[in-house]
Amino acid sequence: MKYLKINIEENADIAALKNAVQQLKGVASTEIVDDENPESELKKAFAKTKEQLKKGDYETLVNDIFDIIIKK
């Protein structure tokens, strides 16, 4: 999979930009990553894991963990 990194100005409308990019042909998904605040990404990951465990979605949880291990 290939990724596109877009650096934006502080006053940019991130949600509008995300929606515009999502509408482009060939875009599978979009994600907002804040490099200056990595803790928020970690909190999101833990929240997602917690929800997966509550729902008993162990297969997706394991797949997510393997994806993280393989990417790093």
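Our focus in this paragraph is the side chain of Gln52. Looking at the element boundaries, Gln52 is found in helix α2 (residues 38–55). On the accessibility criterion, Gln52 (7% relative accessible area) is buried. Once you skip the residues sitting within four places of it in the chain, Gln52 turns out to touch Asp57, Thr60, Leu61 and Asp64.

Enumeration over the complete set of coordinates arrives at 2 salt bridges. A salt bridge links Lys48 to Asp64; the nearest nitrogen and oxygen atoms lie 3.3 Å apart. Residue Lys48 is found in helix α2, and its partner Asp64 is found in helix α3 (residues 58–71); the two are separated by 16 residues along the sequence. We classify Lys48 as partly exposed; its relative accessible area is 46%. The shortest N-O distance in the salt bridge between Lys54 and Glu51 comes to 3.9 Å. Here the residue Lys54 and the residue Glu51 both occupy positions in helix α2, the gap between them amounting to 3 residues, near one helical turn.

About the thresholds
- Residues numbered from 1 in each chain as written.
- Predicted model: local features only at pLDDT ≥ 70, side-chain atom pairs only at ≥ 80, totals over all residues.
- Heavy atoms only, no water.
- Helix = DSSP H or I, 4+ residues; strand = E, 2+ residues; numbered from the N terminus.
- Buried < 20%, exposed > 50% of the residue type's maximum accessible area, 1.4 Å probe, protein only.
- Contact = heavy atoms within 4.5 Å.
- Salt bridge = Lys/Arg side-chain N within 4 Å of Asp/Glu carboxyl O.

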